[in-house]
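# Geometric and topological summary
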Amino acid sequence: VGVERCFALKKTPVNFKSELKMLKLFLLNLVLSIIPQLCLSLKDGSVQIPVTDSYLTPTTILAIGPDTDQTYLRVLLSTASSETWVPSVDCNPLFTWCRQHRHYNYKESNTYVDSHRNFTTHFLDHVLTGRVTSDRVELGEEVILDFEFGEAISSHIDFTYSEHDGVVGLGPKKTCTTGTPLTVRLLNAGLDDAVFSFSFSSDDKGSLVIGEVQHDKYTGNIVWSKIVSEERWQITSDSLRIGSSTLCGAECVTEFNTEIEMIIGPTDQVEQIYKLLDAREIPGVTIRSVECAKVDSFPDLTFSVKGHQLTITSEDYVERSEVVHKVQLCFLMITAVEEEVDDRWIMGTLAHKAVYVVYDFGRNLVGLAEAA
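What comes next concerns the included structure. Here the structure is a predicted model, which is why all the values come from computation and not from measurement.

### So, the sheet that holds strand 24 (residues 327-332)
Reading across the sheet, the four strands line up as 19-20-24-23 and stay open at both edges, with antiparallel pairing between neighbours. What marks the edges here is a single partner per strand, and that holds for strand 19 (280-281) and strand 23 (318-324). Direction of pairing for strand 19 relative to strand 20 (residues 288-290): antiparallel, over a ladder of two bridges. Bridged to Glu-281 within strand 20 is Arg-288.

This is how it looks when you write it as structure tokens:
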């Protein structure tokens, strides 16, 4: 039986190559005054993961190995992928991502089993390769024996990432190169309610719950939609607009993705938002600033699903940051993708504050409701 554990997670300074990641580090250094503390526990057949800052992508601790000698790694809970991987002790130290993160050392685990397979996965537009391993894994009091995951050893080019060491995949795809996905293991184990959801409150505290719908986290009714992709939590929305301006007409593909913080959309549609909100360029990055005094008057971002209107207010899509006493900067947390995405809008972690999202991995559905 596992033991409930809480951990204080410290920010890790990293030199990011991505413009958004560079600005994210800047925002974190300005905004975060409380070190995120995460705690895992299992109660009544559900796993609950409290999170203390909603603008961080959801992260928790994965304990690997025998209970007498475990390795603790900080992992991103990603709905963008079904693959689970962590840096291997055998990763190439010439790579920055290998040097900057904690490793899983199979040599120190007597419950380790070599699966004799290799894997290839994509993360942040990069390709990671390595071997598939099986070991004992703990999520709070839940013990998963012989859980397969990838040990990342190499990548096609060097890159950096922050906050977490590896990834636990919560995507809808039922097969992956790093072994049986966690959601499939839960289904095979007979989980009564094959759902999970994230919720975030106004004081930047929240949780991930697997195994039940959090009925106190939403208002009204949940509207359910079948996903339109085997690999991504994507649904078809009726429309998306900001105020009275329509950004996307019928059959807009909307993706829910906890691997990113922001809301991302096609360039031409995001440019309409920039113009409407008078969003100003920041030299060297693609994210834009807006005038703080006008934020309260900014229109809502609304998307419609099966006739239900779901609203993201300016308080959700604008990040306020106090640089010095009573001096604020405001950043628009909506940005454009670099490549064409065919009207696909990606709702990152911040969108989960305004909208309660239920991921049903048993029936491949997404449920949406206004967050309480």
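### Thoughts on the sheet that holds strand 16 (residues 245-248)
With respect to topology, four strands assemble into an open sheet ordered 16-15-21-22, the strand pairing being antiparallel. Sheet topology places strand 16 and strand 22 (308-312) at the edges, where each strand pairs with a single neighbour. Sheet twist, expressed as the average angle between the axes of neighbouring strands with direction ignored, equals 30°. Judged from the three bridges that link them, strand 15 (residues 239-242) and strand 16 form a sheet pairing that is antiparallel. Residue pairing in the sheet places Arg-241 in a bridge with Thr-246 of strand 16. Each of strand 15 and strand 16 touches helix 4 (residues 267-277); the most contacted strand, strand 16, lies at about 155° to it.

### Re the state of the cysteines
Overall, the coordinates contain three disulfides when judged by the stated rule. One disulfide in the model links Cys-248 with Cys-252; its S-S distance is 1.9 Å. The S-S bond linking Cys-248 to Cys-252 shows a torsion near -120°; that makes this disulfide left-handed. For the residue pair Cys-248 and Cys-252, the accessibility class agrees, reading buried in each case. In this model, Cys-292 is linked to Cys-330 through a disulfide, with the two sulfur atoms separated by 2.1 Å. Between Cys-292 and Cys-330, the disulfide has an S-S torsion of 120° and is therefore right-handed. Pair noted here: Cys-292 is in the loop between strand 20 and strand 21 (301-305) and Cys-330 is in strand 24, with a separation of 38 residues, a long-range link. Among the residues examined, Cys-292 registers a relative accessible area of 18% and is labelled buried. Once the disulfide-bonded cysteines of the protein are ranked by sequence position, their pairing pattern turns out to be 1-2, 3-4, 5-6.

### So, helix 4
For helix 4, the set of buried residues is Gln-269, Val-270, Ile-273, Tyr-274 and Leu-277. One side of helix 4 holds all its buried residues, which, seen down the axis, span an arc of 150°. Turned more than 90 degrees away from the buried face of helix 4, the exposed residues are Asp-268 and Lys-275. Just beyond helix 4, the residue with positive phi is Asp-278, at close to 55°.

### A few points about the pairing of strand 7 (residues 113-123)
Successive residues of a regular strand alternate their side chains across the two faces of the sheet. The pairing of strand 7 with strand 8 (residues 126-139) spans eight bridges and is classified as antiparallel. Each bridged residue has a counterpart across the sheet, and for Thr-121 the counterpart in strand 8 is Leu-128. Linking strand 7 to strand 8, which pair antiparallel, is a turn of two residues; within it Leu-124 sits at a positive phi near 50°.

### A short note on the environment of Val-127
Relative to the helices and strands, Val-127 is located in strand 8. The residues contacting Val-127, other than those within four sequence positions of it, are Thr-120, Thr-121, His-122, Ser-154, Ser-155 and His-156.

### Some thoughts on the environment of Pro-66
Within the fold, Pro-66 resides in the loop between strand 4 (59-64) and strand 5 (71-78). Overall, the relative accessible area of 8% leaves Pro-66 in the buried class. Setting aside its immediate chain neighbours within four residues, Pro-66 contacts Ser-109, Asn-110, Thr-111 and Arg-136.

### Some words on the pattern of salt bridges
With the rule as written, the count across this model stands at 15 salt bridges. Of the charged contacts in the structure, one is a salt bridge between Asp-165 and Arg-102, with a shortest N-O distance of 3.1 Å. Taken together, the residues span a long stretch of sequence, with Asp-165 in the loop between strand 9 (142-155) and strand 10 (166-169) and Arg-102 in the loop between helix 2 (96-99) and strand 7 at a distance of 63 residues. Residue class for Arg-102 comes out partly exposed when judged on its relative accessible area of 39%. Salt-bridge contacts for Glu-291 lead to Arg-280; the nearest nitrogen and oxygen are separated by 4.0 Å. Remark: Arg-280 occurs in strand 19 and Glu-291 occurs in the loop between strand 20 and strand 21; sequence separation between them is 11 residues. Relative accessible area serves as the criterion here: at 46%, Arg-280 is assigned to the partly exposed category. Within this structure, Asp-278, Arg-280, Glu-291 and Lys-294 form a network of salt bridges that share partners.

### Brief notes about unusual backbone geometry
Positioned with a positive phi, His-116 is a non-glycine residue whose angle comes to about 55°. By the secondary structure assignment, His-116 is in strand 7. We classify His-116 as exposed; its relative accessible area is 70%. Here Glu-251, not a glycine, exhibits a phi torsion of approximately 60°, which is positive. Among the structural elements, Glu-251 can be located in the loop between strand 16 and strand 17 (252-256).

Cut-offs and rules
Residues numbered from 1 in each chain as written. Predicted model: local features only at pLDDT ≥ 70, side-chain atom pairs only at ≥ 80, totals over all residues. Heavy atoms only, no water. Pairing = 2+ DSSP bridges. Helix = DSSP H or I, 4+ residues; strand = E, 2+ residues; numbered from the N terminus. Axes fitted to C-alpha atoms, helices over the stretch in contact; angles between N-to-C directions. Contact = heavy atoms within 4.5 Å. Disulfide = S-S within 2.5 Å. Buried < 20%, exposed > 50% of the residue type's maximum accessible area, 1.4 Å probe, protein only. Arc of directions from axis to C-beta. Salt bridge = Lys/Arg side-chain N within 4 Å of Asp/Glu carboxyl O.

Interpretation note: all reported values are geometric properties and have no functional meaning in isolation.
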